[in-house]
Amino acid sequence: MAFEPPQRLVRALGETAPDGDDWLARLPEVADRAVAARELTVERVQVPGGRSSLVVLVRMADGTPAVLKLAPRRARPESERAALAHWGGRGAVQLLEPSGGAEGVLLLERLHPDVSVRSLPEAKALLEAAGTLRRLWVEPPGDHVFETVEERTGRQAEAMRASAAGDAEVRPLVEAALAAREELVATAPEARLLHGTFRQSKVLAGERMPWLAVGPDPVVGECAFDLARLVRDRVEDLIAQPAGAATTRRRVKRLAESLEVDQERLRGWTLFRAVESGVRARRVGRERDAELLLEFAGWL
């Protein structure tokens with residue numbers, strides 16, 4: 001089978017690929033080897049798929065449905081493997097090959113790839129997503145090598161400063177976001193293992209449990225950081241509402257209360273993450289996304 005990467009993946013990786021990176025060019029060969037080594041039968045490539053990996057629906061030699069996921073090193077697939085192994089299927093997709101396989105290749109339990117929590121009405125979607133997220137917030141392994149929230153956001157903060165230096169339009173928001181981060185990392189509460197990139201589309205329907213999380217980019221830190229990305233889900237709908245700003249503030253309050261997270265810390269991390277995403281979108285030419293995210297950030 002020809003493993004043609006979906007255009008969504010090609011565009012996303014093209015925005016972040018370092019000079020000389022040839023992962024996409026090597027992908028068909030890597031996928032062929034991964035399938036052959038595991039004696040898998042390929043059904044189809046998942047389209048539109050994700051922005052950092054190729055997802056292939058397969059069957060194992062005994063007929064069990066599964067998912068083969070292939071990701072470049074910069075997407076930190078081995079960190080994902082370690083987090084999924086630690087969760088052991090509690091709230092997240094199950095690893096079918098916990099300790100084996102080549103770097104960047106994950107064999108996973110098959111969920112319902114076309115049915116995410118995002119398909120539910122908004123209030124129900126937020127409730128189910130928050131419940132799934134709560135199950136993931138566990139103490140990290142004692143010998144973990146996961147990146148911390150302070151480390152990850154420190155790198156992001158440097159990129160934001162560089163972007164704002166030549167962009168007076170976004171500088172006030174960037175400065176506010178950076179100030180919020182400085183205060184948050186200086187007073188961080190107890191750390192937990194976090195999903196890292198959690199949102200409604202990362203929660204799929206399953207058989208073992210109604211909803212299970214997929215696609216973590218794990219990080220260790222405070223829970224408010226993880227919840228912040230969920231606050232801005234369906235941002236395009238929020239922006240379109242006449243009362244979008246008030247709805248956003250109510251969402252912060254409701255999510256903070258339901259998951260016992262400090263409301264002001266959630267607001268601060270939501271601001272930082274929205275501005276960081278908006279600045280990054282602007283940097284790579286996704287102007288519409290940048291406009292939505294920065295307007296949303298201004299409400300906080």
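Our structure is the block above this text.
Let us look at helix H5 (residues 149-165). Over its 17 residues, H5 runs 24 Å from end to end, which matches the ideal 24 Å to within 8%, given 1.5 Å per residue. All buried positions along H5 are accounted for by Val149, Arg152, Thr153, Gly154, Gln156, Ala157, Met160, Ser163 and Ala164.

Now for the sheet that holds strand S8 (residues 211-213). If you walk across this open sheet you meet the 3 strands as S5-S7-S8, and the pairing is antiparallel. Each edge of the open sheet is held by one strand with a lone partner, namely strand S5 (112-116) and S8. If you compare each strand with its neighbour and ignore which way they point, the axes differ by 55 degrees on average. Relative to strand S7 (residues 203-205), S5 runs antiparallel, the two sharing 2 bridges. Looking across to S7, one finds that Ser116 is bridged to Leu204. Here helix H4 (residues 122-136) sits on the sheet and contacts S7 and S8; the angle it forms with S8, its principal contact strand, is near 55 degrees.

Under the definition given, this model contains 3 aromatic pairs. Plain terms: the ring middles of Trp269 and Phe272 are 5.9 Å apart, the flat faces sit at 90 degrees to each other, and that makes the pair edge-to-face. In this pair, Trp269 and Phe272 are both assigned in helix H10 (residues 263-283), 3 residues apart and thus about one turn of the helix distant. Residue Phe272 is classed as buried on the basis of its relative accessible area, which comes to 0%. Here the aromatic residues Phe225, Trp269 and Phe272 are joined through ring pairs into a cluster of three or more. Directly above the aromatic system of Phe225 lies the positively charged group of Arg273, at a separation of 4.2 Å from the ring centroid.

With respect to the helices, strands and loops of the structure, Ala75 is situated in the loop between strand S3 (65-70) and helix H3 (77-87). Accessibility expressed as a relative area gives 24% for Ala75, which makes it partly exposed.

Taken N-terminus to C-terminus, the directions of H4 and helix H7 (residues 223-231) make an angle of 160 degrees; their axes are 11 Å apart at the nearest point. Classified by the angle between their axes, H4 and H7 sit roughly antiparallel to one another. When you trace H4 past H7, the crossing you get is right-handed. Contact with H4, carried on its side by Leu126, Ala129, Ala130 and Leu133, involves Asp226, Leu227 and Leu230 of H7 and no other residues of that element. Taken together, the residues of the contact of H4 with H7 break down into 6 nonpolar, no polar and 1 charged.

Here the focus is the environment of Ala25. Within the element layout of this structure, Ala25 appears in helix H2 (residues 23-38). Judged by relative accessible area, which is 66%, Ala25 ranks as exposed. When the C-alpha atoms of Ala25 and Thr132 are compared, they prove to be 36 Å apart, with 107 residues separating the residues in sequence.

Rules and cut-offs
- Residues numbered from 1 in each chain as written.
- Predicted model: local features only at pLDDT ≥ 70, side-chain atom pairs only at ≥ 80, totals over all residues.
- Heavy atoms only, no water.
- Helix = DSSP H or I, 4+ residues; strand = E, 2+ residues; numbered from the N terminus.
- Expected span 1.5 Å × (residues − 1).
- Buried < 20%, exposed > 50% of the residue type's maximum accessible area, 1.4 Å probe, protein only.
- Pairing = 2+ DSSP bridges.
- Axes fitted to C-alpha atoms, helices over the stretch in contact; angles between N-to-C directions.
- Contact = heavy atoms within 4.5 Å.
- Phe/Tyr/Trp six-rings, centres within 6.5 Å; stacked < 30°, edge-to-face > 60°.
- Lys NZ or Arg CZ within 6 Å of the ring centre and 35° of its normal.
- Parallel < 35°, antiparallel > 145°, perpendicular 65-115°, else oblique.
- Left-handed = near helix turned anticlockwise from the far one by under 90°.
- Nonpolar A, V, L, I, M, F, W, Y, C, P; charged D, E, K, R; others polar.

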